[in-house]
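# Notes for the structure review
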Amino acid sequence: MREFHISRRDIRTAQFVDVTSAPLASGAARLRLELFALTSNNVTYAAMGEGMLGYWDFFPAPEGLGKVPVWGFATVTESNAPDIAVGARYYGYYPLAETLDVIPRKTATGFIDTASHRAAKAVLYNVYTDITADPAYDSAYEAEQTLFRPLYATGWWAADFIKQGEAKSVILSSASSKTALATAHQLRKLGGAEIIGLTSPGNEAYVRESGLYDRVALYDGAASLKVQAPATYVDFLGRAELNAIVHATLGDALTRSIIIGVTDWASERGGAPLPGPKPEFFFVPTYAAERLKADPQLGAAMIQDLRGFYPASHAFVSAQHLKTDAEIEGGWRRLVAGNLPPRTGLVGSFQAAPT
């Protein structure tokens, strides 16, 4: 079985390795990953693999290495679990590896992996949904689901979170990233605020052409940014220097600062305390669970909007399929290096192992 191992010390160092699969344990099921996406979201998982979020902990790897999580579809190839049938197909959270062994507990729409090392993690990441019972599944848009389903959900809930602050201006860094696009898409639907995208010169044309932003500014121009108060800054980039400039420039107009991603994983983070509002880290599983308790109908609304976004996403991103180990490795390196065109969405699949 092939697994993609990434150095925890330097996520640019990564390669496929062959490992021997252990016999399937009693009560376990084995799924073979068939289709998955690689986006800057996966780079964020790797960059935040240690510490509070501990994304490396989901799928244990040899010392000093990690298996980055990906979202996608997998089919059960072996099962010692009475409620999990061979041939069933599930959407969920997998390691970038050919197979995953789970200890499933049956639910109405699939199962939850009850493996002990995942018990302390947010339940959202341990849920696997049978495509035959999945209201968000659309067989015509599987590639789009791997690319956008988790990112759109993050953007949708982030827009809901931002809306609570009644901002007149919302500034999004890394405006070309897929999660930022999803956030801007939903913010436009909600209305009431000017949406401003911050981006690099190389991505400026793409961000403007997306039609999702009312105004586009370059990072180099952040020091002269003018906005209507109250303003909310949403950081997908993770670049301390830019955050300091935005906070200082907006001054009293800035009332909220939200951290969501780290697309610029190699930049310096932290630094001196920022003037103005203290940055809040937005963690989707916690926020969504709280909002759904208050208003259960939000779940159905999010799914309806998500299904509508699958075809709409073609205006922003085209899927590029990776079918060999070399192509997948190359895709990862392009993502980490930050040189993947924003219009390209990487979708990978495993071919049969060489004989």
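Preceding this section is the structure that the text describes.
Before going into details, it helps to say that this report is about the structure given with it. Everything quoted here is computed from the prediction, not taken from an experiment.

### Some words on the sheet that holds strand 16 (residues 280-281)
Across the sheet, which stays open at both edges, the 6 strands sit in the order 13-12-11-14-15-16 with parallel pairing between neighbours. Looking along the sheet, the strands with just one partner apiece sit at the ends: strand 13 (215-218) and strand 16. The pairing of strand 14 (residues 231-235) with strand 15 (residues 254-259) spans 5 bridges and is parallel. Across the sheet, the residue bridging to Asp-235 is Ile-259, located in strand 15.

### Description of the nonpolar core
With 93 residues, the main nonpolar core has Leu-38, Leu-96, Leu-172, Tyr-213 and Trp-332 as its most contacted residues. Of the residues forming this core, the biggest block, 11 residues, is contributed by helix 2 (residues 142-163). Those residues in contact with Trp-332 that lie beyond four places of it in its chain are Phe-4, Ile-6, Ile-11, Ala-14, Leu-38, Asn-42, Val-43, Ala-46 and Val-68. Counting residues in each nonpolar core, the second largest holds 14 residues, with Leu-198, Leu-237, Val-246 and Leu-254 among its members.

### Focus on empty space enclosed by the protein
In this structure the tally under the stated criterion is 1 cavity of 30 Å³ or more. Size it by volume and the largest cavity reaches roughly 50 Å³. Lining the largest cavity, in full, are Ala-37, Thr-39, Asn-41, Asn-42, Trp-71, Thr-146, Leu-147, Pro-150 and Leu-151. Contributions of two or more residues to the lining of the largest cavity are made by helix 1 (40-47) and helix 2. No other element matches helix 2, which puts 4 residues into the lining of the largest cavity. Tallied by class, residues from the lining of the largest cavity come to 5 nonpolar, 4 polar and no charged.

### Remarks on the pairing of strand 9 (residues 110-113)
As judged from the 3 bridges shared by strand 8 (residues 104-106) and strand 9, these two strands associate in the antiparallel manner. Its bridge partner lying in strand 9, Lys-106 is registered against Phe-111. Joining the antiparallel neighbours strand 8 and strand 9 is a turn of 3 residues. Two elements, strand 9 and strand 10 (residues 127-130), share 3 bridges in a ladder whose sense is antiparallel. Its bridge partner being in strand 10, Ile-112 is matched across the sheet by Val-127.

The rules behind these values
- Residues numbered from 1 in each chain as written.
- Predicted model: local features only at pLDDT ≥ 70, side-chain atom pairs only at ≥ 80, totals over all residues.
- Heavy atoms only, no water.
- Pairing = 2+ DSSP bridges.
- Helix = DSSP H or I, 4+ residues; strand = E, 2+ residues; numbered from the N terminus.
- Core = buried A, V, L, I, M, F, W, Y, C linked by side-chain atoms within 4.5 Å.
- Buried < 20%, exposed > 50% of the residue type's maximum accessible area, 1.4 Å probe, protein only.
- Contact = heavy atoms within 4.5 Å.
- 1 Å grid on protein atoms, 1.4 Å probe; cavity = no way out; pocket = protein on both sides within 12 Å on 5 of 7 lines; lining within 4 Å.
- Points joined across faces, edges and corners; volume = space filled by probe spheres on them.
- Nonpolar A, V, L, I, M, F, W, Y, C, P; charged D, E, K, R; others polar.

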